[in-house]
Amino acid sequence: MRKKYLLGLMLLSFFNGVKPFEKIESFELQVDQGVFSYTQDSDEIIAFLELTEGDAYTENLWSSNFQELIDEIPKTNIVFIASGESADQRLNEIKENVIGTDWEKYLHFINKNNTVLPDNIELILSEWEKEWSADKAGFLIDSNGHLRQFGLLRPPGKSPTPIFDAVEKEIQYLYWEKELTKKMKLNDKKEEVVMLDGFELSGGWGANAEFEVEFPKTQKLLSFNEMEIYFEMNCPDNNDKNCYEWDMIANLHLCEENKCDILMSRWITTYHRRGVWLTDITPFLAFFKEGGVKKFKINVPTGNSSYIMNMRIYLSKNDSKLRPMNAHRMWTGGSFNLEYNPSKKPYLLENPQFEKYTINGIMSGHGWGRDVANCAEFSNHTHHFSINGEILGELKDPKAGTGEGCYQLANEGVVPNQFGTWPYGRAYWCPGWDVLPFSIEIKNPNRGNMLMTYEALYEGKPYDPQENPNSNESGFNADINMQSWLVSWENPYRYMLRKNFFSQKEERLKILEGK
């Protein structure tokens with residue numbers, strides 16, 4: 001059962017695949033330069049782009065700026081297919097862009113008027129576009145040999161019509177997935193904990209599920225000091241059209257003492273597409289000192305659809321690193337206004353005993369359309385942490401509120417060409433991306449008591465929302481969605497020795513009412 005799934009690409013037995021995520025068989029194509037061959041054991045990425053004469057979607061795509069297709073990707077085989085009276089003309093217009101360049105041998109041209117395509121290629125092109133309008137553009141083959149759909153190639157806020165630049169984002173993303181595949185193969189050497197395996201979640205806006213998972217026994221679990229979580233959200237039948245149409249918060253909580261309130265991971269779902277992520281959540285190993293069965297709860301609004309989920313945790317050991325051993329709950333978020341900072345009381349850590357401390361958490365900004373600054377989704381609010389009056393670190397996100405802040409991150413794992421406003425930069429998140437946990441290291445060489453404070457600012461001062469006279473009724477007020485922890489790090493064996501054989505003053509974290 002180990003490694004049954006990899007990147008949502010099930011080890012299917014479809015070697016004559018014609019549907020999304022099925023594995024395509026080897027083929028040969030008669031192209032302008034001779035024969036273009038593809039074999040099943042290849043790890044190359046290929047894009048097929050078809051021009052349908054008289055179809056505005058593909059006509060506009062082929063008329064867009066060609067250089068934006070190839071200016072930020074490695075050399076990649078791209079097959080251009082056209083038919084109709086103007087087929088030769090349109091193919092030549094593309095070809096002229098690369099004559100005499102390194103790209104010339106990677107672009108292949110087919111005039112369907114005088115070339116017969118292999119049955120499977122012809123079937124993909126003819127059948128896909130009948131089901132989902134975005135499939136008119138063509139299809140892709142990823143590095144695992146699986147058929148992939150294009151998303152919506154007219155990115156909101158950037159172009160009202162399809163553009164080659166959006167095709168480039170699709171290819172960039174597949175190269176990112178190719179690197180993720182390599183990382184997943186390295187995870188074969190790590191301890192794998194199967195969290196969810198082909199689990200289908202539905203239930204509308206309040207969809208959630210609780211489940212139990214067996215972790216290694218205590219002694220073995222304590223030997224690990226690194227933890228990653230892999231999560232994939234697949235569309236039913238592996239087809240984009242079956243995924244939920246909105247971007248929503250997906251939270252994974254660990255349950256303790258009959259409460260499921262320890263936030264372990266957060267993702268933002270895509271607009272009508274699948275997503276896959278591998279995230280380092282090592283600080284949260286602090287909650288895993290005892291082995292055995294653990295209980296979790298996942299919350300993901302599914303609308304009128306469902307998600308097919310696969311989730312794994314990977315545990316490993318790095319001899320040069322300490323292990324998270326304890327976690328104290330600290331600040332949470334809330335409504336972002338002038339009452340936000342006064343509600344964030346200082347914390348005092350008395351008798352610190354561990355080798356290292358960090359403030360870790362998960363945070364994302366939400367709320368839009370109600371105030372002039374469009375907080376807190378589309379504004380760069382900053383978050384400041386101090387110890388004993390000295391600044392420890394600052395969190396900021398310059399992409400927030402920009403027109404292409406998320407659009408430019410396809411090569412870092414943001415799912416491209418979603419069917420919604422995915423290009424716009426959000427505060428500490430993007431649709432179709434994992435929300436990366438933050439980490440602020442505390443330096444305390446004297447090991448004295450630590451007074452820790454936190455505040456959030458907008459443009460350098462506490463945020464005072466100014467009502468937008470043209471507010472959007474669909475919007476909502478600014479909100480910081482955050483959970484944070486003080487995490488203590490130490491060698492686990494030194495920790496157990498100190499705990500069991502040496503008497504020390506008790507370490508204590510307390511909240512101070514004054515500020």
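What you see as residue numbers is a count from 1 along each chain, following the sequence as written. Reporting of local features is limited, given that this is a predicted model, to residues whose pLDDT is at least 70; pairs of side-chain atoms are given and counted only at 80 or more, and all residues count toward the totals for whole chains, interfaces and linings. Computation of side-chain values covers all heavy atoms of the structure but excludes hydrogens and water.

S.K.: Would you explain the sheet that holds strand β12 (residues 259–268) in this entry?
M.R.: The strands that make up a sheet pair up through hydrogen bonds in the backbone, lying either parallel or antiparallel. Any two strands between which DSSP finds at least two bridges are classified as paired. Each helix is a run of H or I in the DSSP string that is no shorter than four residues. Each strand is a run of E no shorter than two, and both are numbered from the N terminus. The sheet built from five strands is open, its strands ordered β9-β14-β11-β12-β21 with antiparallel pairing. A strand with exactly one partner marks an edge of an open sheet, and here the two such strands are β9 (208–215) and β21 (433–434).

S.K.: When you look at the pattern of salt bridges in this model, what are you seeing that I'm missing?
M.R.: When the charged atoms of two side chains with opposite charge come close together, those side chains can pair. Basic side-chain nitrogens of Lys or Arg form a salt bridge, by our definition, when they fall within 4 Å of a carboxyl oxygen of Asp or Glu. Under the criterion given, the structure shown has 31 salt bridges. The partner of Lys95 in a salt bridge is Asp32, with the nearest N and O atoms 3.4 Å apart. Remark: Asp32 occurs in the loop between β1 (27–31) and β2 (34–38) and Lys95 occurs in helix α3 (residues 87–95); sequence separation between them is 63 residues. A relative accessible area of 25% means that Lys95 is categorised as partly exposed. By sharing partners, the salt bridges in this structure join Asp142, Arg148, Glu177 and Arg274 into a single network. Each residue gets one of three labels from its accessible area relative to the maximum for its type: buried under 20%, exposed over 50%, partly exposed in between, using a 1.4 Å probe on protein chains only.

S.K.: I'm lost on the state of the cysteines in this one. Help?
M.R.: Here a disulfide denotes one covalent bond, and it connects the sulfur atoms of two cysteines. The definition used for a disulfide is geometric: two cysteine sulfur atoms within 2.5 Å. This model, assessed by the stated rule, comprises three disulfides. Residue Cys255 pairs covalently with Cys260 via a disulfide, S to S 2.0 Å. Sign of the S-S torsion, about 100 degrees for the bond between Cys255 and Cys260, identifies this disulfide as right-handed. For Cys260, a relative accessible area of 25% gives the class partly exposed. The disulfide partner of Cys406 is Cys430, and the gap between their sulfur atoms is 2.1 Å. Taking the sign of the S-S torsion, -90 degrees for the link of Cys406 and Cys430, the bridge is left-handed. With Cys406 in the loop between β20 (390–395) and β21 and Cys430 in the loop between β20 and β21, the pair connects residues that are 24 residues apart, well separated along the chain. The same class applies to Cys406 and to Cys430, which are both buried. Each disulfide of the protein joins two cysteines, and with those cysteines numbered along the sequence the arrangement is 1-2, 3-4, 5-6. Cys406 supplies the cysteine sulfur nearest to Cys375, a cysteine that is in no disulfide, at a spacing of 16 Å.

S.K.: Can you help me understand the pairing of strand β22 (residues 438–442) in this one?
M.R.: Along a regular strand, successive side chains alternate from one face of the sheet to the other. Side-chain alternation along β22 places Phe438, Ile440 and Ile442 on a buried face and Ser439 and Glu441 on a face that remains uncovered. The pairing of strand β18 (residues 356–368) with β22 spans five bridges and is antiparallel. Its bridge partner lying in β22, Tyr357 is registered against Ile442.

S.K.: Help me out: how do you make sense of the packing of aromatic side chains in this one?
M.R.: Think of a pair of aromatic rings as described by two things: how far the centres are apart, and how the planes are tilted against each other in angle. Aromatic pairs are defined between Phe, Tyr and Trp rings, using the six-membered ring for Trp, whenever the two ring centres lie within 6.5 Å; interplanar angles under 30 degrees are classed as stacked, those over 60 as edge-to-face, and all others as tilted. In the structure shown here, the tally under the stated rule is 33 aromatic pairs. Ring centres of Tyr173 and Trp176 lie 5.4 Å apart, and the angle between their planes is 25 degrees; on these two criteria the pair is classed as stacked. Taken together, the residues span about one helical turn, with Tyr173 and Trp176 both in helix α5 (residues 164–186) at a distance of three residues. Like Tyr173, the residue Trp176 is buried in the burial classification.

S.K.: Help me understand the environment of Tyr106 in this model?
M.R.: With respect to the helices and strands, the residue Tyr106 is situated in the loop between α3 and β5 (107–111). A relative accessible area of 23% means that Tyr106 is categorised as partly exposed. Each C-alpha atom of the pair Tyr106 and Gly405 lies 30 Å from the other, and the pair is 299 residues apart in sequence. Among all residues touching Tyr106, those that are not within four sequence positions of it are Lys75, Thr76, Asn77 and Ile78. Residues count as neighbours in contact if any of their non-hydrogen atoms are within 4.5 Å of one another.

S.K.: How do you make sense of the pairing of β9 when you look at a structure like this?
M.R.: The alternating pattern of β9 places Ala209, Phe211, Val213 and Phe215 on a buried face, while none of Asn208, Glu210, Glu212 and Glu214, on the opposite face, is buried. With eight bridges joining them, β9 and strand β14 (residues 292–299) adopt antiparallel strand pairing. Pairing of Glu214 across the sheet is with Val293, part of β14.

S.K.: Help me out: how do you make sense of the sheet that holds strand β8 (residues 191–201) in this one?
M.R.: What the four strands build is an open sheet, ordered β8-β15-β10-β13; its pairing is antiparallel. Of all the strands in the sheet, the pair left with one neighbour each is β8 and β13 (275–280). Pairwise comparison of adjacent strand axes, ignoring direction, gives a mean angle of 10 degrees for this sheet. Alignment of β8 against strand β15 (residues 307–316), held across nine bridges, turns out to be antiparallel. Bridging across to β15, Glu191 finds its partner in Leu315. Taken strand by strand, α5 contacts β10 (226–234), β13 and β15, and its axis lies near 50 degrees from that of β13. Fitted lines through C-alpha atoms serve as axes, helices being fitted only where they are in contact, and the angles separating the N-to-C directions of these axes extend from 0 to 180 degrees.

S.K.: How should I be thinking about the confidence of the model for the protein in this particular structure?
M.R.: Any segment with low pLDDT has predicted coordinates that should not be analysed in fine detail. Averaged over all residues, the pLDDT of the protein equals 93, while 96% of them reach at least 70. Considering only residues more than four positions removed or in separate chains, one finds that residues 1–15, a stretch of pLDDT under 50, has 53 contacts. Scored from 0 to 100, pLDDT reflects the predictor's confidence in each residue.

S.K.: Explain unusual backbone geometry here, please?
M.R.: What is expected of a backbone is that most residues other than glycine have negative phi and most peptide bonds are trans. With an omega of 0 degrees, the peptide bond running from Cys375 to Ala376 counts as cis. For Ala376, the location among the structural elements is in the loop between β18 and β19 (382–387). Here the phi dihedral of Asn388 falls at roughly 50 degrees; this positive angle occurs in a residue that is not glycine. Its place among the elements puts Asn388 in the loop between β19 and β20.

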